[in-house]
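What follows is the residue order along each chain.
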Amino acid sequence: ELKRKIHIIGNHVELAELKKFYPEVNFLGKRNHHETLNYMRRSKFLLQLSLINETFGLTMIEAMAMGTPVLGFDIGTRKEFIVHEKNGFFVTSKTIEYDINSALNWPDYKSLQEHAIKTSSIFSVSYVIKNQIFTYQKLINECR
């Protein structure tokens, strides 16, 4: 049994049915970006449990930027962003309850947060612009 409350943001056609079937889960429905980020910031972990292979993990990067480590299945772009036991954890459908409880009891949570922030930093505006300017400068020098 999970020891913490799970909040789910987003709409689903069967939201009312899901609320009945999973009363222990707090289904928040659709929220604006600012509210969503506030929930992420206050959360101990972001659960990225979608089975869809996303082309980019923006939600994961936003959470990590706020120091919120990510738990997710070892599929799609999650494999590129989550470093197991470093900035988050991989979970499996067969052991998900155990995996989440293990993450909640991880002895060095502060280190997870620090590594999550570091992971997200390569997607910050300043980092991207710095690398873009470096690339342009390199191209200019090569053309001379």
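For clarity, every value in this text was computed on a predicted model and none was experimentally measured.

I'd like a description of the overall build of the protein chain, backed by residues and values.
The helix and strand tally for the protein chain stands at seven helices and five strands. Secondary structure elements of the protein chain occur, N-terminal to C-terminal, as β-α-β-α-β-α-β-α-β-α-α-α. Principal-axis analysis of the C-alpha atoms places the extent of the protein chain at approximately 65 × 35 × 25 Å. Per-residue burial for the protein chain yields a buried fraction of 30% across its 144 residues. Sequence-distant contacts, at least 24 apart, represent 45% of the contacts inside the protein chain between residues at least 6 apart. When the accessible surface of the protein chain is split by element, carbon and sulfur atoms take 57% of a total near 9900 Å².

How would you explain the sheet that holds strand β5 (residues 88-91) if you had to name every residue and give the values?
The parallel open sheet is built from three strands, whose spatial order is β3-β4-β5. Each edge of the open sheet carries a strand with a single partner, namely β3 (46-48) and β5. Strand-to-strand twist across the sheet, computed as the mean angle between neighbouring axes with direction ignored, equals 20°. One ladder, built from four bridges, connects strand β4 (residues 70-73) with β5; its direction is parallel. Residue pairing for β5: glycine 72 is matched across the bridge by phenylalanine 90. Where helix α3 (residues 58-65) meets the sheet, it contacts β3 and β4, and its direction lies at approximately 165° from that of β3. The sheet strands contacting helix α5 (residues 96-104) are β3, β4 and β5, and the helix crosses β5 at an angle near 170°.

Can you break down the environment of serine 126 residue by residue, with the values?
Inspection of the secondary structure puts serine 126 in helix α7 (residues 125-143). Look at serine 126 and you get exposed, because its relative accessible area is 55%.

Outline the nonpolar core, listing residues and values.
The biggest cluster of nonpolar side chains holds 12 residues, and these are Leu37, Met40, Leu46, Met60, Ile61, Ala63, Met64, Val70, Phe81, Ile82, Phe90 and Ala116. At the level of secondary structure, the elements contributing two or more residues to this core comprise α2 (33-42) and α3. Here this core gets four residues from one element, more than from any other, and that element is α3. Residues contacting alanine 63, with those up to four places away along its chain left out, are Met40, Leu46, Thr68 and Val70. Of all hydrophobic cores here, the second largest spans 10 residues; its members include Phe89, Val91, Ile100 and Leu104.

Let's hear about the packing of α3 against helix α6 (residues 109-121): which residues, and what values?
One can describe the packing of α3 onto α6 by two numbers: an axis separation of 7 Å at closest approach and a directional angle of 125°. Our classification of the angle between α3 and α6 gives oblique. The handedness of the crossing between α3 and α6 is left-handed. Contacts from Ile61, Met64 and Ala65 in α3 reach Ala116, Ile117, Thr119 and Ser120 in α6.

Hey, could you go over the side chain of threonine 36 for me, with residue numbers and the actual values?
With respect to the helices and strands, the residue threonine 36 is situated in helix α2. One polar contact links the side chain of threonine 36 to the main-chain carbonyl oxygen of asparagine 32, over a distance of 2.9 Å. Discounting residues that sit within four places of it in the chain, threonine 36 has contacts with Ile9 and Arg31.

Definitions and cut-offs
Residues numbered from 1 in each chain as written. Predicted model: local features only at pLDDT ≥ 70, side-chain atom pairs only at ≥ 80, totals over all residues. Heavy atoms only, no water. Helix = DSSP H or I, 4+ residues; strand = E, 2+ residues; numbered from the N terminus. Buried < 20%, exposed > 50% of the residue type's maximum accessible area, 1.4 Å probe, protein only. Contact = heavy atoms within 4.5 Å. Areas by Shrake-Rupley, 256 points an atom, 1.4 Å probe, with all protein chains shown as cover. Pairing = 2+ DSSP bridges. Axes fitted to C-alpha atoms, helices over the stretch in contact; angles between N-to-C directions. Core = buried A, V, L, I, M, F, W, Y, C linked by side-chain atoms within 4.5 Å. Parallel < 35°, antiparallel > 145°, perpendicular 65-115°, else oblique. Left-handed = near helix turned anticlockwise from the far one by under 90°. Polar contact = N/O pair within 3.5 Å; in protein donor to acceptor, adjacent residues only side chain to side chain.

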